[in-house]
Amino acid sequence: MARNSTNTTAATTIYATTTKEPESWIDSILNQIPLPRWAIYALAGLALFIILLFIICICCCCCKSKKNKKKKDKKIDMDKVPGNLTTHLVQPGAGNLQKGEKVEYRGRVQYSLEYNFQTEELTVGVKQAAALKAMDLGGTSDPYAIVYVTNDTRKKFETKVNRKTLNPVFNESFVFKVTQEEVPRTTAVVQIFDFNRFLKHDVIGEMVIPLGEVNLQHVIEDWKDLGPAGKTEHEHLGDICFSLRYVPSSGKLTIIILEAKNLKRMDSDGFSDPYVKVHLALNRKKWKRKKTAVKKSTLKPYFNESFTFDVSLEQMKNLDLIISVWDHDKVGKNEQIGKLFLGCRASGNALRHWSDMLAHPRRPIAQWHKLQEADEVDKVLELKRNLKPSLLRSLP
């Protein structure tokens, strides 16, 4: 019995030894470390925390460097700087550049301005130019200057041509008639061209001097950089004042042409012979018209003439009132100085005047308006041509 008991115990010990699960590779590594398990786990947690903190620091540094790079790029790329003030401080004269437009140096011009308050004459001198842009294949240009003032763009002067040079000397001056009233809204313009005998003359650059921004009490002589051509504002054509009155019950539309001022000079004596045409267009077709008397040799005519038209309330919805100022010429063709139109299709100041008239029936509403280029007004109006009956019959 004792032998059997011993055999049974030995067998149990062998079975327990053979059925014990093998150690995992993690346990085998941990068993080789001469530290308690809690210490090992604490050290592992601390290591993970340090690694995580290190990764967060790297990410923060990368984000900060990207932001600094973007700020640096914004300071250098002037096209992305919002507002004209910042651009002008960093790069003077670049405030009017369009987005994406590159700055191109075209040269500079030395000029002079002298205004005689007694004779109301402006003398514009073109002294010389320097470092002009080369327009020819040989690396030179054949420059000359065109000079004019915006109160009368028909009167332009040209200097002599300087051959094969980028630093021409002109020393020429030109006299323009500019009244004291016109000075604040007049600009002197100097354009430099490259002469070409067989092809169109190329514009090298343009210099503009608004007279309202300079002190004409003394002679001015200075240098100014050339800019791209075609940036000069539209010529001032003049202003006109008239009143509107509409009576819905009787269908009477009354227009009183009161006066005009600062009109463009159309005659060689520095004046014009203005008169005003009043047109009504219904459904974009010319309908009725009247005109004032001609005022001789003046840029500030006073008319005070009244015109009354029969227009129903239904017709007012599709009506265009066209006011145009003309210069009378005894010999040649009468020239148009400027025009404007009012009605439901108008905009800005003209639409406000028309709306005020409709909102206050039977009350005359007077207002000043700026004259516009006739071509621009005609494009907006898009009036249909009235075909004569004989022409209509000839059409298939």
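Residues numbered from 1 in each chain as written. Predicted model: local features only at pLDDT ≥ 70, side-chain atom pairs only at ≥ 80, totals over all residues. Heavy atoms only, no water.

## Describing empty space enclosed by the protein
- With the rule as written, the count across this model stands at one cavity of 30 Å³ or more.
- Forming the boundary of the largest cavity are T150, N151, E182, R185, T186, H236, N262, L263, K264 and R265.
- For the lining of the largest cavity, the class distribution of residues is one nonpolar, five polar and four charged.
- Built from parts of two domains, the lining of the largest cavity gets at least three residues from each of domain 1 (108-225) and domain 2 (239-381). (1 Å grid on protein atoms, 1.4 Å probe; cavity = no way out; pocket = protein on both sides within 12 Å on 5 of 7 lines; lining within 4 Å. Points joined across faces, edges and corners; volume = space filled by probe spheres on them. Nonpolar A, V, L, I, M, F, W, Y, C, P; charged D, E, K, R; others polar. Domains from an automatic or database assignment.)

## Some thoughts on the packing of aromatic side chains
- Tallying each qualifying case throughout the model produces four aromatic pairs.
- Ring centres of F157 and F174 lie 5.2 Å apart, and the angle between their planes is 15°; this geometry places the pair in the stacked category. Placement of the pair is F157 in strand β4 (residues 157-158) and F174 in strand β5 (residues 169-177), with a sequence separation of 17 residues.
- When its relative accessible area of 26% is taken as the criterion, F157 is described as partly exposed.
- Residue class for F174 comes out buried when judged on its relative accessible area of 8%.
- A cation over a ring is seen here: K156 above Y148, with NZ or CZ 4.6 Å from the ring centre. (Phe/Tyr/Trp six-rings, centres within 6.5 Å; stacked < 30°, edge-to-face > 60°. Helix = DSSP H or I, 4+ residues; strand = E, 2+ residues; numbered from the N terminus. Buried < 20%, exposed > 50% of the residue type's maximum accessible area, 1.4 Å probe, protein only. Lys NZ or Arg CZ within 6 Å of the ring centre and 35° of its normal.)

## A word on the nonpolar core
- Counting 38 residues, the largest nonpolar core has I240, I255, I257, V278, L321, I323 and L342 as the members making the most contacts within it.
- At the level of secondary structure, the elements contributing two or more residues to this core comprise β9 (239-247), β10 (252-261), β11 (274-282), β13 (302-310), β14 (319-327), β15 (335-343), α6 (348-359) and α7 (374-381).
- V183, I204, L216 and I220 belong to the second-largest nonpolar core, a separate cluster that totals 27 residues. (Core = buried A, V, L, I, M, F, W, Y, C linked by side-chain atoms within 4.5 Å.)

## Notes on the sheet that holds strand β12 (residues 285-291)
- The sheet built from four strands is open, its strands ordered β12-β11-β14-β15 with antiparallel pairing. Whereas interior strands pair on both sides, the edge strands pair on one side only; in this sheet they are β12 and β15. When strand polarity is set aside, the average angle formed by the axes of neighbouring strands in this sheet is 25°.
- The sheet contact formed by β11 and β14 spans nine bridges and is antiparallel. Opposite K277, over in β14, you have S324 as the bridge partner.
- Sitting on the sheet, α6 is in contact with β14 and β15, with an inclination near 50° to β15. (Pairing = 2+ DSSP bridges. Axes fitted to C-alpha atoms, helices over the stretch in contact; angles between N-to-C directions. Contact = heavy atoms within 4.5 Å.)

## Here we look at the sheet that holds β13
- The sheet built from four strands is open, its strands ordered β13-β10-β9-β16 with antiparallel pairing. At either end of the open sheet lies a strand with only one pairing partner, and these are β13 and β16 (365-370). For this sheet the average axis-to-axis angle between neighbouring strands, irrespective of direction, equals 20°.
- Taken together, the six bridges between β9 and β16 define a ladder with antiparallel strand orientation. Residue pairing for β16: D239 is matched across the bridge by K370.
- Strand contacts of α6: β9, β10 and β16, with the helix running at about 170° to β16, the strand carrying the most contacts.

## A short note on the environment of I255
- Mapped onto the elements of the fold, I255 is located in strand β10.
- C-alpha of I255 to C-alpha of E305: the two residues are 50 residues apart in sequence and 8.3 Å apart in space.
- Ignoring anything within four residues of it in the chain, the contact list for I255 reads S243, L244, V278, E305, S306, F307, F309, L321 and I323.

## Brief notes about α7
- Among the residues of α7, those classed as buried are A374, V377 and L381. Down the axis of α7, the buried set is contained in an arc of 65°. They therefore lie on one face. Pointing more than 90 degrees away from the buried face of α7 are the exposed residues D375 and K379.
- For α7, the elements touching its buried residues are β14 and β15.
- A positive backbone phi angle near 50° is found at E382, which sits one or two residues after α7. (Arc of directions from axis to C-beta.)

## Focus on the pairing of β10
- Across nine bridges, the pairing between β9 and β10 is antiparallel. Considered in β10, the bridge of C241 is made with E259.
- With antiparallel pairing between neighbouring strands as the criterion, β9 and β10 make up a hairpin whose turn holds four residues, including G251 at a positive phi of roughly 65°.

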